[in-house]
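Read off the chains here:
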Amino acid sequence: VLDIGTPERSVVTTCAYCGVGCQFKAEMRGDELVRMVPYKHGKANRGHSCVKGRFAYGYASHKDRILSPMIRDSINDPWQEVSWSEAMAFAANRMKAVQEKYGRQSVGVITSSRCTNEETYLVQKLTRAVFQNNNTDTCARVCHSPTGYGLGQTYGTSAGTQDFDSVEEADVIMVIGANPHSGHPVFASRMKKRLRQGAKLIVIDPRRTESVEGPHYRAQHHLALKPGTNVAIVTALAHVIVTEGLYDEAFIRARCDWDEFQDYMEFAADPRHSPEAIELLTGVPAAEVRGAARLYAKGGNAAIYYGLGVTEHSQGSTTVIGIANLAMLTGNIGRRGVGVNPLRGQNNVQGSCDMGSFPHELPGYRHVKNPEARAIYENIWGVKIDPEPGLRIPNMLDAAVEGTFKGLYCQGEDILQSDPDTHHVAAGLAAMECVIVHDLFLNETANYAHVFFPGSSFLEKDGTFTNAERRINMVRKVMAPKQGYADWEVTQMFANAMLEGSGRAPWGYTHPTQIMDEIATTTPSFAGVSYEKIETLGSVQWPVNDKAPEGTPLVHVDGFVRGKGKFIRTEYVATDEKTGPKFPLLLTTGRILSQYNVGAQTRRTGNVAWHAEDLLEIHPHDAENRGIRQGDWVRLASRAGQTSLRADITDKVSPGVVYTTFHHPDTQANVITTDFSDWATNCPEYKVTAVQVSPSNGP
Ligand code: SF4
């Protein structure tokens, strides 16, 4: 414990890093935040924390923060600091001019999964009620959009089925394409506690991650598959369950569509899906797959936790469907200790999806084509809602390059660093006539902006975040916004500048609680949510309504949200990203414990000391073949581009596979990645890139 003496005051708030949603007491001396103390009553963390939430808050007062709005006519001009009112007038005039010249559909927004529910709700409202189109998308596009599609199709709702407490009753834990040790550390510690008590572990991951084995546990089965073969593995698990009669017929008859099950059973039982048939393709010994399937089906309560190693593939949605099938096949859903749980990356990615950030869905996952849902908003917003889905982020960028999309309001998201095919993103941004970046720092995307709205950190605002277990946690203002306004106020000012002269009433929210009240009025799954209730109960898990006034820890208990659970065939289709003589290795990516995403925050804190650079993990055989020694600089090249980094020779990766993190901008990981994406959602295929690795003299 750091000795800081007696703090003058403390405020309980919620971590703004990962989707676990840990709560902390922010201890203050004057205006200075001196310590973050894990909050013992936090329902997601129960007094635990990791090195990000605990120590990496200094970015909020880092000298790089921009505290004044800035504008410029051209991206080649220097920035000019202006007042908030000048910035709003400039931004609104420019955005209105774009819409007048190129049409209503020529502009859009990107919401932030770092911002609060209330802020995200306002940004999508800006799109639908002020821009009057549905061109709103979120960074979930590049991470968990396949979860939305896959779980929506099979179960009827796009969210994890359990609370974190549920893992304490799991007998078998299957982790697919995730490394909770690094990505979701506090959940990982709860999972590891259960493993130490004797629960069995199955890990499906190309790399021997820190989650595969620890001081007091070791995975019974580690299926170290070749990147890109998730669907083949998941279907092979189903094959074993079906052909060995390990499925739960009573559950399926009661809870799922029996005809669809029979069709799926016929598909899964096909010998071409057997573990032996896919062994060469996946690189996983058939006996391991058979053992894992038997353990999952017959080992007692079995819970699945998965991450971006599932979703960020050209068949990301298919794998999510395959995972949902496994839980239905074995009856591992609808009670404690089981379920299907996406480990959400960002603190409020669940919330940004819930709040209607997608171009086809209003808040609460109601399609924009649904006239009853549209009517709710039309009545209170006094404007017609466009019944046609809008553009996804990649479509916005394509349209920008083609010359039909010209204006973007991008809140809390650095798409130039985060999105695939950096050159294409840059070309799209450069072709726009009004780019507004709303962020803490002048990020890479801001190089293409005409307006910069300085953002507020999570310490400077009130609101709510929703974590990976659908838990709505309070975010409380610890200090005044350094640049004057919380992000929801900035969005409101911009909306009102856009509305000026339209004859329509300006927005008049004076506190985020009013925004939450509007969300509750318009969104059935939030009908019973209020700040008063969250303050009283500590947090609530949606749905919160008349049937569940105190929230819902487990969903799909008596029936699936969609009615009968739906089995869907999961045909494996190889990615178009192929290895060959020129690009013989497969690159996959991940994170480390102390850092967060592209590092915009953690690199501006003391945590950078734990990770000075991204390294390329390469197997000893592959290194030796190329004359690469430990720590050497190597050139990493793909069909899309190239970069340089240092080699870390390790057998954590298999021969033929290399791995890196993407926390430092110098790594430019997305210069390397392809522009292939998930067939259903356009989620980029970040996890599979054919590359060559060769010795180099450095960057
Ligand atoms: Fe924050 Fe996630 Fe770490 Fe908890 S586990 S302290 S939410 S980064």
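Residues numbered from 1 in each chain as written. Predicted model: local features only at pLDDT ≥ 70, side-chain atom pairs only at ≥ 80, totals over all residues. Heavy atoms only, no water.

(A) Inspection of the packing of helix H4 (residues 145-154) against helix H13 (residues 316-329) at higher detail. In the contact formed by H4 and H13, the axes pass within 8 Å of each other and the chain directions differ by 40°. Compared by their axis directions, H4 and H13 come out oblique. The handedness of the crossing between H4 and H13 is right-handed. Packed against H4, whose contacting residues are Pro146, Thr147, Tyr149, Gly150, Leu151 and Thr154, the element H13 presents Gly316, Ser317, Val320, Ile321, Ala324 and Met328 at the interface. (Axes fitted to C-alpha atoms, helices over the stretch in contact; angles between N-to-C directions. Helix = DSSP H or I, 4+ residues; strand = E, 2+ residues; numbered from the N terminus. Parallel < 35°, antiparallel > 145°, perpendicular 65-115°, else oblique. Left-handed = near helix turned anticlockwise from the far one by under 90°. Contact = heavy atoms within 4.5 Å.)

(B) Inspection of the nonpolar core at higher detail. Counting 62 residues, the largest nonpolar core has Leu126, Phe131, Ile436, Phe453 and Phe494 as the members making the most contacts within it. Residues in contact with Phe453, not counting those within four places in the same chain, are Trp84, Ala87, Met88, Ala91, Tyr409, Ile436, Val437, His438, Asp439, Val490 and Phe494. With 49 residues, the next largest nonpolar core counts Leu225, Phe261, Ala292 and Val310 among its residues. (Core = buried A, V, L, I, M, F, W, Y, C linked by side-chain atoms within 4.5 Å. Buried < 20%, exposed > 50% of the residue type's maximum accessible area, 1.4 Å probe, protein only.)

(C) Spotlight on helix H2 (residues 84-102). The end-to-end C-alpha distance of H2, which contains 19 residues, comes to 27 Å, matching closely the 27 Å that a straight helix rising 1.5 Å per residue would cover. Looking at the residues trailing H2, positive phi occurs at Gly103, about 105°. (Expected span 1.5 Å × (residues − 1).)

(D) Quick peek at the site of the ligand. Around the ligand, the neighbouring residues are Cys15, Tyr17, Cys18, Gly21, Cys22, Phe24, Cys50, Lys52, Gly53, Pro185 and Val186. Listing elements by their share of the shell around the ligand, those giving two or more residues are helix H1 (51-55) and helix H6 (185-196). Grouping the amino acids of the shell around the ligand by side-chain chemistry returns 8 nonpolar, 2 polar and 1 charged. (Near = heavy atom within 4 Å. Nonpolar A, V, L, I, M, F, W, Y, C, P; charged D, E, K, R; others polar.)

(E) A look at helix H7 (residues 230-243). The terminal C-alpha atoms of H7, which comprises 14 residues, lie 20 Å apart, in line with the 20 Å expected from a rise of 1.5 Å per residue. Across the 14 residues of H7, 13 count as buried, placing the element largely inside the fold. Where H7 ends, the next residue or the one after it, Gly245, has phi of about 65°, a positive value.

(F) Just the side chain of His438, in detail. Along the chain, His438 turns up in strand E18 (residues 434-439). In this structure His438 comes out as buried when scored by relative accessible area, which is 2%.

(G) Region of the structure containing the pairing of E18. With 6 of 6 residues buried, E18 is to be regarded as a mostly interior element. Neither face of E18 is left uncovered, since the one carrying Cys434, Ile436 and His438 and the one carrying Val435, Val437 and Asp439 both have all their residues buried. Of the strand pairs in this sheet, strand E17 (residues 407-411) and E18 are connected by 5 bridges, and their pairing is parallel. When the bridges of E18 are listed, Cys410 appears paired with Val437. As paired elements, E18 and strand E19 (residues 451-454) share 4 bridges and run parallel to each other. Looking at E19, one finds that Val437 is bridged to Phe452. (Pairing = 2+ DSSP bridges.)

(H) Summary view of the sheet that holds strand E14 (residues 339-342). Across the sheet, which stays open at both edges, the 5 strands sit in the order E12-E9-E8-E13-E14 with parallel pairing between neighbours. Two strands lie at the open edges of the sheet, namely strand E12 (221-223) and E14, each paired on one side alone. With strand direction ignored, the average angle separating the axes of adjacent strands in the sheet is 15°. Running at roughly 125° to E12, helix H11 (residues 286-298) makes contact with strand E8 (172-176), strand E9 (200-204), E12 and strand E13 (302-306) of the sheet. Where H13 meets the sheet, it contacts E8, E13 and E14, and its direction lies at approximately 170° from that of E13.

(I) Examining the domain arrangement of the chain more closely. Assigned domains of the chain: these are domain 1 (9-61), domain 2 (70-143 + 348-541), domain 3 (145-342) and domain 4 (585-695). A combined buried area of about 2000 Å² lies between domain 3 and domain 4, and 57% of that area is made up of carbon and sulfur atoms. Per-residue buried area on domain 3 facing domain 4 is highest for Arg207, Pro227 and Glu312; these three make up 32% of the total on that side. At the junction of domain 3 with domain 4, the criterion picks out 3 salt bridges. At the surface where domain 3 touches domain 4, the tally comes to 11 residue pairs in polar contact (both at pLDDT 80 or more). Only H4, helix H5 (180-183), helix H12 (308-311) and H13 provide two or more residues apiece to the side of domain 3 that touches domain 4. Residues of the side of domain 3 that touches domain 4, tallied by class, amount to 7 nonpolar, 12 polar and 4 charged. (Domains from an automatic or database assignment. Buried area = accessible area lost by both parts, 1.4 Å probe. Salt bridge = Lys/Arg side-chain N within 4 Å of Asp/Glu carboxyl O. Polar contact = N/O pair within 3.5 Å; in protein donor to acceptor, adjacent residues only side chain to side chain.)

(J) Quick peek at the environment of Met95. Within the secondary structure layout, Met95 lies in helix H2. We classify Met95 as buried; its relative accessible area is 0%. Between the C-alpha atoms of Met95 and Met396, which are 301 residues apart in sequence, the distance is 15 Å.

(K) Seen up close, unusual backbone geometry. Look at the link from Trp542 to Pro543: it is a cis peptide, with omega at 0°. Tracing the chain through its elements places Pro543 in the loop between strand E22 (540-541) and strand E23 (585-590). With a phi angle near 65°, Arg470 is a residue other than glycine that sits in the positive phi range. Topologically, Arg470 is positioned in the loop between strand E20 (463-466) and strand E21 (471-475). Positive phi, normally seen in glycine, also occurs at His556, with a value near 60°. With respect to the helices and strands, His556 occurs in the loop between E22 and E23. Relative accessible area serves as the criterion here: at 3%, His556 is assigned to the buried category.

(L) Structural view of the packing of aromatic side chains. Scanning the model with the defined rule gives 21 aromatic pairs in all. A ring pair is formed by Trp84 and Phe453, whose centres lie 6.2 Å apart and whose planes are at 40°; its orientation type is tilted. Separated by 369 residues along the polypeptide, Trp84 in helix H2 and Phe453 in strand E19 bring together distant segments of the chain. Grouping residues by exposure puts Trp84 and Phe453 together as buried. Grouping aromatic residues by their ring pairs yields a cluster made of Trp84, Phe131, Tyr409, Phe453, Tyr485 and Phe494. (Phe/Tyr/Trp six-rings, centres within 6.5 Å; stacked < 30°, edge-to-face > 60°.)

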